[in-house]
There are 2 protein chains.
Amino acid sequence: MPELRKDPATERWVIISHERGKRPILPSEEQAPAPPRACPFCPGHESKTPPAILSYCGADGAWQLRVVPSKHPVLQVEAAADRRGQGPYDLMNGLGAHEVVIESPQHHGDLDAMGPEQVERVLLAWRDRSLDLRRDLRMRYILAFRNHGTASGAGAEHPHSQIIATPVVPKRVAEKLAGARAWYALKERCLFCDILRYEAEVRERVVAESEHFVVLAPFAAGFPFELAIYPKQHAHDFGALERPASLDLARLLRESLRRLKRALGGPAYSIILHTAPLAEPCQQEFHWHLEIIPLLTQMAGFEQGSGFYINPTAPEEAAQYLRQVEL
Amino acid sequence: MPELRKDPATERWVIISHERGKRPILPSEEQAPAPPRACPFCPGHESKTPPAILSYCGADGAWQLRVVPSKHPVLQVEAAADRRGQGPYDLMNGLGAHEVVIESPQHHGDLDAMGPEQVERVLLAWRDRSLDLRRDLRMRYILAFRNHGTASGAGAEHPHSQIIATPVVPKRVAEKLAGARAWYALKERCLFCDILRYEAEVRERVVAESEHFVVLAPFAAGFPFELAIYPKQHAHDFGALERPASLDLARLLRESLRRLKRALGGPAYSIILHTAPLAEPCQQEFHWHLEIIPLLTQMAGFEQGSGFYINPTAPEEAAQYLRQVEL
């Protein structure tokens with residue numbers, strides 16, 4: 001049974017997933033990507049994954065996207081939370097859910113190479129699974145994310161993203177909500193709406209925009225070429241994303257990834273959805289967004305250990321560079 | 001002039017060091033380690049670094065350790081902080097100091113291969129520079145750290161560590177202090193002393209110990225084989241480290257790195273000193289320690305972006321494994 005443990009000083013929850021291997025995991029044991037023949041995510045190999053929780057099918061009946069439970073879940077829905085103390089520590093069982101979104105029948109080609117409708121399906125799958133998973137009232141957050149490239153921690157090569165439902169709010173989301181609430185308490189305005197208004201005025205850090213969304217290089221980005229995509233209109237909950245805005249977002253996400261690829265030569269990256277925690281009244285205060293973090297520099301334990309970030313590329317310079325890329 | 005920018009939602013400060021390159025830094029521009037002949041840290045090449053701020057010399061007059069200002073400082077002591085707003089944002093000039101500790105005249109061989117007295121010199125240099133830098137009352141924290149191996153972000157191959165004096169408290173240190181203060185407010189005891197007492201009792205996560213120090217695999221470690229070294233007696237300020245405890249710490253640090261090397265085959269790692277922030281009354285609440293973070297798994301943007309950590313190795317298993325290693 002995986003455990004959720006809270007660091008008593010920083011109040012950060014960590015999944016200790018020792019079910020995944022009985023022995024300590026050593027570097028040489030990392031899995032190599034499976035070749036397409038053996039890929040469990042490719043059409044014809046559906047029996048190699050647990051049965052699908054959600055499928056989107058085309059007019060021909062073939063699946064275009066599948067969501068399956070993770071075969072190596074870091075959290076399990078069968079658990080009881082069983083929150084308890086242990087000496088000075090707090091822990092609970094690894095209650096939650098862990099699902100894999102198989103984003104396309106095609107083994108090769110990342111999001112930027114898919115058609116906009118296929119990218120939209122990925123976003124709609126995140127939304128649909130989020131809406132379903134939140135019916136379990138023990139869950140506090142639905143974390144959708146996507147690791148691309150080996151430096152990002154992605155295991156399989158076949159395009160996929162992951163959804164983790166957790167009984168705790170991830171620390172950075174909790175921090176953002178706390179910051180947004182403090183701002184709202186002071187000004188009675190959404191912090192993120194204020195940021196978007198200012199950024200639209202100065203234009204320095206705007207990379208691209210569409211009818212409903214805008215891509216920014218955040219003012220205090222911790223990583224070179226870090227991007228964030230925000231809905232222009234205030235919206236706290238990604239679960240309320242509707243067509244046709246979803247297609248508009250898909251196009252802009254795809255364009256953003258293409259700009260990064262052209263500028264930086266196909267870097268590994270992570271996409272993380274930051275949306276309102278469940279069971280937290282924050283309709284006015286929170287404003288959902290996607291974070292895109294290219295993994296260009298070697299991640300130093302220094303940043304992780306100190307929480308102090310050094311970004312060698314000014315966000316305005318990154319934005320200018322990305323705006324000028326030919327698509 | 002580098003800038004310190006505060007993320008308005010999470011209140012994390014970031015150094016935007018765009019002085020380091022006028023163009024955005026691209027992955028291909030990363031510097032390769034210099035061969036020993038060209039190494040600016042090797043004896044005979046002292047003119048290639050700025051003049052030493054501190055040198056420890058042997059009986060023969062030759063230097064055993066030098067501290068020099070960084071040639072590519074991320075923060076500069078000549079700056080005025082000039083805290084100011086910009087639209088919804090807060091920023092200040094990149095006031096601070098950035099020094100490099102050239103840990104040994106030897107180009108090859110990491111800390112674990114040095115004699116205990118040499119490792120002690122490194123720790124004493126951290127202490128001595130910390131005591132000097134804190135005389136500038138604008139500084140809020142003296143961050144000593146060490147990146148080893150390319151995955152850790154270390155630039156040069158020659159053994160070195162770095163010291164950064166900052167006008168802000170690094171976020172993780174601020175969080176730890178906040179947690180420790182909350183604990184103290186509730187119990188009138190040091191959180192870390194409570195942890196050490198409990199760990200000494202259950203022994204599950206104790207990797208090694210000496211007269212004055214203990215090495216733990218932290219209960220809620222975010223990384224496989226993460227370690228922390230604590231003084232057994234309450235001490236909030238690393239600046240008060242004295243002989244002979246410093247030699248005792250050097251031996252234990254060296255032993256810990258040897259255990260990691262034997263167990264994991266010489267992983268990249270970072271060491272980060274967590275000590276009391278300056279100008280914060282926290283003598284009772286804080287308890288300094290060294291964090292050692294081996295960089296085994298690919299760092300995912302996921303962890304950085306969500307603040308949610310998944311550790312595939314239970315700390316008790318890592319501790320057991322490291323205890324059993326033959327040295």
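Residues numbered from 1 in each chain as written. Chains lettered and ligands numbered in written order. Predicted model: local features only at pLDDT ≥ 70, side-chain atom pairs only at ≥ 80, totals over all residues.

Draft legend 1. Structural detail: the overall build of chain A. Helix and strand counts for chain A stand at 6 helices and 15 strands. A compact globule built from 327 residues would reach a C-alpha radius of gyration of about 20 Å, and chain A, at 20 Å, matches this within 12%. Over its C-alpha atoms, taken along the principal directions, chain A stretches across nearly 55 × 55 × 40 Å. Put simply, chain A has 327 residues, and 52% of those count as buried. A separation threshold of at least 6 residues defines the contact pool for chain A, and within that pool the share at least 24 residues apart is 69%. (Helix = DSSP H or I, 4+ residues; strand = E, 2+ residues; numbered from the N terminus. Rg over C-alpha atoms; globule rule 2.2 N^0.38 Å. Buried ≥ 20, exposed ≤ 12 C-beta atoms within 10 Å, placed from the backbone. Contact = placed C-beta atoms within 7 Å.)

Draft legend 2. Just the relation of the copies chain A and chain B, in detail. Under the fitted operation, chain A is carried onto chain B by 0.0 Å of movement along the axis and a turn of 180°, and the coordinates agree to an RMSD of 0.0 Å. This pairing of chains is accounted for by a two-fold axis. When the interface residues of chain A are mapped onto chain B, 100% of them again lie at the interface, so the same face is used by both copies. (Least-squares fit on C-alpha atoms with pLDDT ≥ 70 in both.)

Draft legend 3. Representation of the pairing of strand E13 (residues 269-274) of chain B. Residues and elements named next belong to chain B. A large share of E13 lies buried, amounting to 6 of its 6 residues. Bridge count between strand E8 (residues 141-148) and E13: 4 bridges; the pairing is antiparallel. Bridge pairing in E13 links Arg146 to Ile271. One ladder, built from 6 bridges, connects E13 with strand E14 (residues 289-294); its direction is antiparallel. Opposite Leu273, over in E14, you have Leu290 as the bridge partner. (Pairing = 2+ DSSP bridges.)

Draft legend 4. The arrangement of the domain arrangement of chain A in detail. All names here are of chain A. Looking at the assigned domains, one finds that chain A contains domain 1 (3-20 + 38-166) and domain 2 (171-324). Relative placement of domain 1 and domain 2: their C-alpha centres are 21 Å apart. Listed as interface residues are 25 residues of domain 1 and, on the opposing side, 26 residues of domain 2. When residues of the side of domain 1 that touches domain 2 are traced back to their parent elements, those giving at least two are helix H1 (116-133) and strand E8 (141-148). Examining the composition of the side of domain 1 that touches domain 2, we find that 9 residues originate from one element, H1, more than from any other. In the side of domain 1 that touches domain 2, the residues fall into 12 nonpolar, 6 polar and 7 charged. (Domains from an automatic or database assignment. Nonpolar A, V, L, I, M, F, W, Y, C, P; charged D, E, K, R; others polar.)

Draft legend 5. Representation of the sheet that holds strand E11 (residues 213-216) of chain A in the model. All names here are of chain A. Overall, antiparallel pairing links the 10 strands, which are arranged E3-E4-E7-E9-E8-E13-E14-E12-E11-E10 in an open sheet. Each of the sheet's edge strands pairs with one partner strand only, and the pair in question is strand E3 (54-57) and strand E10 (206-209). For this sheet, the mean angle separating the axes of adjacent strands, direction not counted, is 15°. Sheet topology places E10 next to E11; 3 bridges connect them, and they run antiparallel. Bridge pairing in E11 links Val206 to Leu216. (Axes fitted to C-alpha atoms, helices over the stretch in contact; angles between N-to-C directions.)

Draft legend 6. Summary view of helix H3 (residues 191-202) of chain B. All names here are of chain B. Compared with the 16 Å implied by 1.5 Å per residue over 12 residues, the 17 Å span of H3 between its first and last C-alpha is a close match. All of the buried residues in H3 are Leu191, Phe192, Ile195, Leu196 and Glu199. Taken down its axis, H3 places every buried residue within 135° of arc, on the same side. In the core, the buried residues of H3 are packed alongside helix H2 (171-187), strand E10 (206-209), strand E11 (213-216) and strand E12 (227-231). Backbone geometry just after H3 places Arg203 at a positive phi near 65°. (Expected span 1.5 Å × (residues − 1). Arc of directions from axis to C-beta.)

Draft legend 7. Fine view of helix H4 (residues 245-264) of chain B. All names here are of chain B. Look at H4: 28 Å from first C-alpha to last across 20 residues, which is about the 28 Å you get at 1.5 Å a residue. Those residues of H4 not exposed but buried are Ala245, Leu249, Ala250, Leu252, Leu253, Arg254, Ser256, Leu257, Arg259, Leu260 and Leu264. Once H4 finishes, Gly265 follows within two positions and takes phi at roughly 75°, a positive value.

Draft legend 8. Layout of the sheet that holds strand E1 (residues 3-6) of chain B. Spatial strand order, E15(A)-E2(B)-E1(B)-E6(B)-E5(B): 5 strands in an open sheet with mixed pairing. Strands at the two margins of the open sheet, each flanked by one partner only, are strand E15 (309-311) of chain A together with strand E5 (84-86) of chain B. Recorded for the sheet is a direction-independent mean angle of 35° between the axes of neighbouring strands.

Draft legend 9. Inspection of the packing of H1(A) against helix H4 (residues 245-264) of chain A at higher detail. All names here are of chain A. Closest axis-to-axis distance for the H1/H4 pair is 8 Å, and the angle between their directions is 110°. Overall, the two elements H1 and H4 adopt an arrangement that is roughly perpendicular. The two elements H1 and H4 cross, and the hand of that crossing is right-handed. Counted together, Pro116, Val119, Glu120, Leu123 and Leu124 of H1 and Ser246, Leu247, Leu249, Ala250, Arg251, Leu253 and Arg254 of H4 form the full contact between these two elements. (Parallel < 35°, antiparallel > 145°, perpendicular 65-115°, else oblique. Left-handed = near helix turned anticlockwise from the far one by under 90°.)

Draft legend 10. View of the environment of Tyr230(A). All names here are of chain A. By the secondary structure assignment, Tyr230 is in strand E12 (residues 227-231). As for Tyr230 and Gly307, which are separated by 77 residues in sequence, their C-alpha atoms are 25 Å apart. Filtering out sequence-adjacent residues up to four positions away, Tyr230 remains in contact with Phe192, Leu196, Phe213, Val214, Leu216, His287 and His289.

Draft legend 11. Up close: the confidence of the model for chain A. Residue and element names in this part refer to chain A. Predicted confidence across chain A gives a mean pLDDT of 91, with 91% of residues reaching 70 or more. Within the model, pLDDT remains below 50 along residues 26-31, and this stretch shows 5 contacts once partners closer than five positions in the same chain are excluded. Scored by ipTM, the complex comes to 0.90, with pTM at 0.93. (pLDDT = per-residue confidence, 0-100.)

Draft legend 12. View of the nonpolar core. Counting residues in each nonpolar core, the largest one holds 184 residues, and the members touching the most others are Leu227(A), Ile229(A), Leu253(A), Leu227(B), Ile229(B) and Leu253(B). In contact with Leu253(A), other than residues within four places in its own chain, are Leu111(A), Val119(A), Ile229(A) and Leu290(A). (Core = buried A, V, L, I, M, F, W, Y, C linked by C-beta atoms within 7 Å.)

Draft legend 13. Main features of the environment of Phe219(A). By secondary structure assignment, the location of Phe219(A) is in the loop between E11 and E12. The buried category is assigned to Phe219(A), around which 25 C-beta atoms lie within 10 Å. Between the C-alpha atoms of Phe219(A) and Pro315(A), which are 96 residues apart in sequence, the distance is 6.2 Å. Here Phe219(A) is in contact with Arg205(A), Pro315(A), Arg5(B) and Tyr89(B), once residues within four sequence places are set aside.

Draft legend 14. Molecular detail of the interface of chain A and chain B. Listed by partner, the interface residues are 75 residues for chain A and 76 residues for chain B. Tallying contributions element by element places helix H2 (residues 171-187) of chain A first for the side of chain A that touches chain B, with 6 residues. As defined by bridge partners, strand E2 (residues 13-16) of chain A adjoins strand E15 (residues 309-311) of chain B across 3 bridges and the pair is classed as parallel. Within E15(B), the residue paired with Ile16(A) across the bridge is Asn311(B).

Draft legend 15. Seen up close, the pairing of strand E4 (residues 63-69) of chain A. Residues and elements named next belong to chain A. Here E3 pairs with E4 via 4 bridges, running antiparallel. Bridged to Ser55 within E4 is Arg66. The hairpin turn running from E3 into E4, its antiparallel successor, is 5 residues long, and Gly61 in that turn takes a positive phi close to 85°. Inspection of the sheet shows E4 paired to strand E7 (residues 97-102) by 4 bridges, in the antiparallel sense. Residue pairing in the sheet places Arg66 in a bridge with Ile102 of E7.

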